[in-house]
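Each chain, letter by letter, is given below.
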Amino acid sequence: MTVDLPRPALSSRPEPAATVPSASRSFTRRTALAGGIGAAGVAAALSMSVPSADAAGPAPAGGHHGGHHFGSAPAVHWERGHFFPTFDRAASTVRVGDMRKLDGFDRLLLITLQGLVNRERPELYLITDDVDETWIHDLPARTRYEKHPLDLVDRFRRRIAGAVVYDMDAPDTINLATTIAAQRGAVVATADQASEHRLKVIEDLRGRFDDDPAAIYAYATDHLWEKSTHRVLVGLPPTHTVEVDGVEWTELLREKERVTDSSNLGTQTVDLSGQVGDGEVFVRLSDSFPEDGWGPALHHATLTVDGEQTADFVPGTDAEAELLFDGSGSQTKDGLRFADGGSSFIYRFEVPAGASAVSIDLELENEYLVSATGTAPTRVEPFSSFRDFAIATSALITWLPPSGDSGSQFSELLAKVDPGTVYAGWFANDVDGEWSGVELCSTHGVIVVAADYFMNASVLSGIPATTRARPTKPSRGRVKDRTYLTLTFGEGDNIQFCERHMRELWDDPARGSVPMNWTITPLLEDIGPALLHHFQRTATENDFLVCGPSGAGYTYGDSWPKDQLDVFTKASGRYQSRTGLDVVYAYSTPESGKPSPTLPDWVLESYAENVDLRGIMQTDEKGSISDPGAAVPLIGTFYPAGGVDTYREELLAKIEEERGADGADRKGDPLFVAGLINAWSWTPSDVKELVESLPEDVEVVLADEFFDLFARTR
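Residues numbered from 1 in each chain as written. Predicted model: local features only at pLDDT ≥ 70, side-chain atom pairs only at ≥ 80, totals over all residues. Heavy atoms only, no water.

Asker: What exactly am I supposed to notice about unusual backbone geometry here?
Answerer: Note: most peptide bonds trans; most residues except glycine with negative phi. Of note, the amide linkage connecting P549 to S550 takes the cis form, showing an omega dihedral of -10°. Mapped onto the elements of the fold, S550 is located in the loop between β28 (543-547) and α17 (565-579). (Helix = DSSP H or I, 4+ residues; strand = E, 2+ residues; numbered from the N terminus.)

Asker: It is not clear to me how the packing of helix α19 (residues 644-659) against helix α20 (residues 684-692) should be interpreted in this structure. Could you clarify?
Answerer: Helix packing for two helices is described by the angle between their axes and how far apart those axes are. Relative to each other, α19 and α20 sit at 40°, their axes nearing to 10 Å. In this view, α19 runs oblique relative to α20, as classed from their interaxial angle. The handedness of the crossing between α19 and α20 comes out as right-handed. Here α19 contributes V644, Y647 and R648 to the contact with α20, which in turn contributes D686, E689 and L690. Residue classes in the contact of α19 with α20 are distributed as three nonpolar, no polar and three charged. (Axes fitted to C-alpha atoms, helices over the stretch in contact; angles between N-to-C directions. Parallel < 35°, antiparallel > 145°, perpendicular 65-115°, else oblique. Left-handed = near helix turned anticlockwise from the far one by under 90°. Contact = heavy atoms within 4.5 Å. Nonpolar A, V, L, I, M, F, W, Y, C, P; charged D, E, K, R; others polar.)

Asker: Explanation requested: the sheet that holds strand β11 (residues 250-254) in the structure shown.
Answerer: For sheets, the rule is that strands pair by backbone hydrogen bonds, running either parallel or antiparallel. Spatially, the five strands line up as an open sheet ordered β11-β21-β13-β19-β16, and their pairing is antiparallel. One side of each edge strand has no neighbouring strand; the edge strands of this open sheet are β11 and β16 (324-326). On average, adjacent strands in this sheet sit at an angle of 30° to one another, irrespective of strand direction. Relative to strand β21 (residues 368-373), strand β13 (residues 280-287) runs antiparallel, the two being bridged by six bridges. Pairing of D287 across the sheet is with Y368, part of β21. (Pairing = 2+ DSSP bridges.)

Asker: Would you take a moment to explain the nonpolar core for this structure?
Answerer: One finds Y125, F386 and F454 to be the most contacted residues of the largest nonpolar core, which totals 94 residues. Sequence-distant contacts of Y125, defined by excluding residues within four places in its chain, comprise V94, R95, V96, G97, Q114, D132, W135, I136, L139, N456, V459 and L460. (Core = buried A, V, L, I, M, F, W, Y, C linked by side-chain atoms within 4.5 Å. Buried < 20%, exposed > 50% of the residue type's maximum accessible area, 1.4 Å probe, protein only.)

Asker: Where do I start with the pattern of salt bridges in this structure?
Answerer: Between side chains of opposite charge, pairing is possible as soon as their charged atoms come close. According to the stated counting rule, one finds 31 salt bridges in the structure shown. One salt bridge connects D138 with R503, and the closest N-O pair in it is separated by 2.8 Å. Note that D138 is positioned in the loop between α3 (130-136) and β5 (142-145) and R503 in helix α14 (residues 501-506), a separation of 365 residues in sequence. Given the relative accessible area of 28%, D138 is considered partly exposed. The class for R503 is buried, based on a relative accessible area of 6%. For the salt bridge of D708 with R614, the shortest nitrogen-to-oxygen distance reads 2.9 Å. With D708 in helix α21 (residues 703-711) and R614 in the loop between α18 (601-610) and β30 (615-618), this pair connects stretches of sequence that are 94 residues apart. It is possible to trace a salt-bridge network through shared partners that takes in D98, R100, D130 and E133. (Salt bridge = Lys/Arg side-chain N within 4 Å of Asp/Glu carboxyl O.)

Asker: Teacher, can you tell me more about α20 here?
Answerer: Helical geometry note: an α-helix holds 3.6 residues per turn, so side chains three or four residues apart project in the same direction. Among all positions of α20, only P684, V687, L690 and V691 are buried. Down the axis of α20, the smallest arc covering the buried residues is 115°, so these residues share one side. (Arc of directions from axis to C-beta.)

Asker: Would you explain the pairing of β13 in this entry?
Answerer: Within a regular strand, the side chains alternate between the two sheet faces. Of all the eight residues making up β13, seven are buried; the element is thus mostly covered by neighbouring parts of the structure. Both β13 and strand β19 (residues 344-350) contribute to a ladder of seven bridges, which runs antiparallel. Note that in β19 the partner of R284 across the bridge is I346.

Asker: How should I be thinking about the sheet that holds strand β7 (residues 187-189) in this particular structure?
Answerer: The parallel open sheet is built from three strands, whose spatial order is β7-β6-β8. With partners counted over all chains shown, the strands left at the sheet margins are β7 and β8 (201-204), one partner each. Each adjacent strand pair in this sheet contributes to an overall mean axis angle of 30°, direction not counted.

Asker: Just to check I follow, could you spell out the packing of aromatic side chains for this structure?
Answerer: Aromatic ring pairs: the centre-centre distance and the angle between the two ring planes describe each pair. Under the criterion given, the structure shown has 31 aromatic pairs. With a centroid separation of 5.8 Å and 85° between ring planes, the pair formed by W135 and F535 is classed as edge-to-face. Taken together, the residues span a long stretch of sequence, with W135 in helix α3 and F535 in helix α16 (residues 529-538) at a distance of 400 residues. Assessed through its relative accessible area of 1%, W135 is described here as buried. Judged by centre distance (5.3 Å) and plane angle (55°), the ring pair of W426 and F427 falls under tilted. Of the two residues examined, W426 and F427, each falls in the buried class. A network of ring pairs unites the aromatic residues W135, F489, W506, W518 and F535 as a single cluster. R511 extends its terminal NZ or CZ atom over the ring of W506, reaching a point 4.0 Å from the ring centre. Seen from the ring of Y575, R578 lies directly overhead, with NZ or CZ sitting 4.9 Å from the centre. (Phe/Tyr/Trp six-rings, centres within 6.5 Å; stacked < 30°, edge-to-face > 60°. Lys NZ or Arg CZ within 6 Å of the ring centre and 35° of its normal.)

Asker: Looking at this structure, how should I read the confidence of the model for the protein chain?
Answerer: Atomic detail in the predicted coordinates should be set aside for any region of low pLDDT. With 88% of its residues at a pLDDT of 70 or more, the protein chain has an overall mean of 88. Contacts for the low-pLDDT stretch residues 1-71, under 50 throughout, to residues beyond four places or in other chains number 232 contacts. (pLDDT = per-residue confidence, 0-100.)

Asker: Sorry, what's going on with the environment of V603 here?
Answerer: By the element assignment, V603 lies in helix α18. Taking the C-alpha atoms as reference, V603 lies 6.1 Å from G557; in sequence the two are 46 residues apart. Leave out the neighbours within four places in its chain, and V603 touches G557, D558 and L565.

Structure below.
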């Protein structure tokens, strides 16, 4: 999740190695298609093809208020008191399709097929990367691999009513096509795929929309909402950018010192003459020290070709938009664009044939790395993950930025559902979208679940595994005059993090060598019980599972209507009681550039009334909140961005400041520090290195013992 400091941002987005960091962010759209009818004519153009009440294929599962499901989606069940549906027990043998060699177009076809198949009976599992394959060996199910994954279309042909064809020149039609396909019992495909696989085209969206997301999603809510489930909303990017193999980047400029305070702000001239390809050159700005999260910030750029200025722009303007080839790994703020960690942004400049001198002036600051190439480094493909869930449940899919003009459109959609509804997927505009999106959802009583990269939801939910657990017994240790430190990996509210990157971290041989807390979501009880069971079963005595922000789903409790928060905390209490999670990591509503506000008493009282908790760790960055006597013991997390050395130095400085240089100020008085670990840049090996480098008077403990001791100091 994102911390409340303006930078660095602890983003909740994972970035698979095979893709550019873009899956939950905006992208450079193509121009409107030739012959498009324009936004004003969208509804009229599609009026003749609105799916009718008796259209072929399954009807949606679930209802607005009830927990029932329609007979045409027999495997999907909405149980009272649960945020996610559960699926029938998977088939005795689950068929596996390996999609690692397929592009996004074929993946979209197969994942929408998976949703159709699994909503009748879960029996199809798809592999997108090595982590998906890793889980197969731990699932209590027999599997059979399909030799050629696209043969699955023919194998399950009887489940397919036809194909809905989307328009890559209006990319948001991919989301519209998925919603229509769910209601028509169809798959989502290109026209060529439909022809190749002999699928009847039952809806063709080509040429019916300009590239106008607002109009596309207005059509979806106006014409498809009533037949969609009202129990869950889904937010997915229609496309993402994928790295092109074999592109070679040439490093041209690097900041070699660690600079995080803008003290190196200045204009740098970079010679691009040797990097021009076939009439174009691509310039990439990335982080020279990705581990500390203070990458390049660009204020202004000017391109000069043979002495003539051909481009001049400031980030966030229309002039920049024409040149920004891929800004998906970056953010804009106050006239600058920045990218931290493993993220970057790329510009494309046209260069006339025969040009001999090409250079760019970049007004930059912080830890920048500038590279260039003459070859297009990325391509745009459909984003396919998690669509099996949307198809299986007949959920409406949108991709509306939650702020700006589209914020009201998003708000209108949220107003259509009851408190306690889940918004699963992610938000446009990434970090800014996270803050505004989670806040907007919270004010409507809607619970966010980061799920955009979650794979195989429709089959994992149907593979049973025991997830019941009990909290650990209270510690009987005596509080001593020392510093108690507990260290927690964040991001566990994010179900696709639990499925993907957490599994990679969990398999680090250093796990279990020193005490570590792991945030996780109890919602895996419904949507991935075998995953939760694996973490519970293989945890060592040095692993402790903490409920991720901020309970059974990601939310800002202080943004909820006061009379509705109990809906969330009561559900969290039930989920956490069943799964044995009695410590919560929580967020309050962030304000850019300001410390996180302390969770107010009325929020803590709701947790105290409805959740059996040892304590709450709340984002604070400096660890300044400390209240063992609150309705629920509350402590702020300490988060120094950077690597092991930086973390240790700032931690020891904090301890010295809190205890006094000679310890006299707090003689006999323990100090409690709840340290947050960046799950995207740290590993258990890093935590082990940190712990083993600390002085003897710093005792590292798990969160259960930490709060047992903390509560005794009231």
